[in-house]
Amino acid sequence: MTYKEWEAQLEERLRGARRNDISGILNYYREMYGDKHEAGLSDEEIIAEFGTPVECAERIKQDSPEIMPGVSDRWRKVFSWAMKIALAVFIIIPMLGTLLTGIATLAACILGGVAVALGGVGVVIYSVVMLFMGSAINTVLILFGLGMAMAGGGAMICIGFFFMTRYAIISVQKIANYYIEEKKRGRI
Amino acid sequence: MDAQLKKGLLEVCVLKSIAREESYGYKIISDLAPFIEISESTLYPILKRLETAGAVVTRNAIHNGRLRKYFRITEIGLSRIRDFIDTMEEFRRISDYILDENEGGDRDDL
């Protein structure tokens, strides 16, 4: 058997390992072969010292299980991915949905506050118009007061919910940043 | 020699071989051959582990028209050798106690 044939058999025995690992192992043996050849050994002597491709592959797999993940390791990876997908589908996506709905609700309340405030302003303007059109002063004052109350109430609702929404978004952002940092540090 | 014990010794032997000077695979095996049996397929995972652990660093260089990977020891690797020496000192004290003929009978009785 020539070294090339030996190497081809070794590569065959290493099938299933990562491409980088196979290249690393083959380069290693090529280097060893080159050095032994330089030292004066023949192909047969070198191959005899290396051992059979089966023996070499088995020894490497035994001492470096990470190079050649076993069937159980593969199934562990499959299970791990299945758990991540299930977590995403049944927990993370609904949580994100709830979060976004909450923020949208707060934003809608802001718009509601704006609507009430604008309505109040409209009523105030209407009361002023009524005043110039000669309506009863009582009616005008009532409308004016109502309009001012609506405008003020709407403004308060608007400002209140604006800050609530802002804090909600900032909190979510801080939680996300914390999670990303901890993930980078390997603590999660 | 016990297989697990030999495995532990081999790593330190490889580190010691590289500690003397930058070395490469074939030279490491040649240097260690008089002291401990090590095959090419045994050496490969050891070198990979040491590199992953940061105990050695590598560089590639052209030698006679072909690529050769050189290994150089790092401070982490030197620290591992020092730790091993400390362990061996402790081991020697314990083995001295076990082998002491004046304590608990003659050696023949063991």
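Here the structure is a predicted model, which means the values were calculated and not measured. (Residues numbered from 1 in each chain as written. Chains lettered and ligands numbered in written order. Predicted model: local features only at pLDDT ≥ 70, side-chain atom pairs only at ≥ 80, totals over all residues. Heavy atoms only, no water.)

1. Brief notes about unusual backbone geometry
Residue and element names in this part refer to chain B. Positive phi values are uncommon outside glycine, yet N64 reaches one of about 50°. Summarising the element assignment, N64 is placed in the loop between β1 (56-63) and β2 (66-73). A residue is classified by how much of its surface remains accessible, and N64, at 59% relative accessible area, is exposed. (Helix = DSSP H or I, 4+ residues; strand = E, 2+ residues; numbered from the N terminus. Buried < 20%, exposed > 50% of the residue type's maximum accessible area, 1.4 Å probe, protein only.)

2. A short note on the packing of aromatic side chains
For the coordinates displayed, the defined rule picks out 11 aromatic pairs over all chains. Relative to Y33 of chain A, the ring of Y3 of chain A lies with its centre 4.2 Å away and its plane at 15°, an arrangement referred to as stacked. Of this pair, Y3 of chain A sits in helix α1 (residues 3-13) while Y33 of chain A sits in helix α2 (residues 19-38), and the two are 30 residues apart along the sequence. Here Y3 of chain A and Y33 of chain A have matching classes, each one buried. Look at Y29 of chain A and F50 of chain A: their rings are 5.0 Å apart centre to centre, the planes differ by 80°, and that puts the pair in the edge-to-face class. Of this pair, Y29 of chain A sits in helix α2 while F50 of chain A sits in helix α3 (residues 43-50); the two residues are 21 residues apart in sequence, bridging distant segments of the chain. Grouping residues by exposure puts Y29 of chain A and F50 of chain A together as buried. The side chain of K84 of chain A reaches across the aromatic face of W81 of chain A, ending 4.9 Å from its centre. Lying over the aromatic face of Y24 of chain B, R68 of chain B brings its terminal NZ or CZ to 3.6 Å of the ring centre. (Phe/Tyr/Trp six-rings, centres within 6.5 Å; stacked < 30°, edge-to-face > 60°. Lys NZ or Arg CZ within 6 Å of the ring centre and 35° of its normal.)

3. What about a nonpolar patch on the surface?
A contiguous nonpolar patch, built from W81, I85, L87, V89, F90, I91, I92, I93, M95, L96 and L99 of chain A and spanning about 1100 Å² of accessible area, is present on the exposed surface. Overall, the relative accessible area of 64% leaves F90 of chain A in the exposed class. (Patch = residues over 30% accessible without salt bridge, like charges linked within 9 Å, V, L, I, M, F, W, Y side chains within 5 Å. Areas by Shrake-Rupley, 256 points an atom, 1.4 Å probe, with all protein chains shown as cover. Salt bridge = Lys/Arg side-chain N within 4 Å of Asp/Glu carboxyl O.)

4. Side note on the pattern of salt bridges
This model, assessed by the stated rule, comprises 20 salt bridges over all chains. For the salt bridge of R82 of chain B with E75 of chain B, the shortest nitrogen-to-oxygen distance reads 2.7 Å. A relative accessible area of 43% means that R82 of chain B is categorised as partly exposed. Several salt bridges share partner residues, and in doing so they unite D35 and E38 of chain A together with R66 and R68 of chain B into one network.

5. Description of the interface of chain B and chain A
Counting from both sides, the interface comprises 21 residues of chain B and, opposite them, 20 residues of chain A. Together chain B and chain A conceal approximately 1700 Å² of surface at their shared face, both sides included; 52% is due to carbon and sulfur atoms. Viewed at the interface, chain A and chain B are joined by five salt bridges. Where chain B touches chain A, the interface holds 12 residue pairs in polar contact (both at pLDDT 80 or more). Of all the secondary-structure elements, those providing two or more residues to the side of chain B that touches chain A are α2 (25-32), α3 (40-53) and β2 of chain B. (Contact = heavy atoms within 4.5 Å. Buried area = accessible area lost by both parts, 1.4 Å probe. Polar contact = N/O pair within 3.5 Å; in protein donor to acceptor, adjacent residues only side chain to side chain.)

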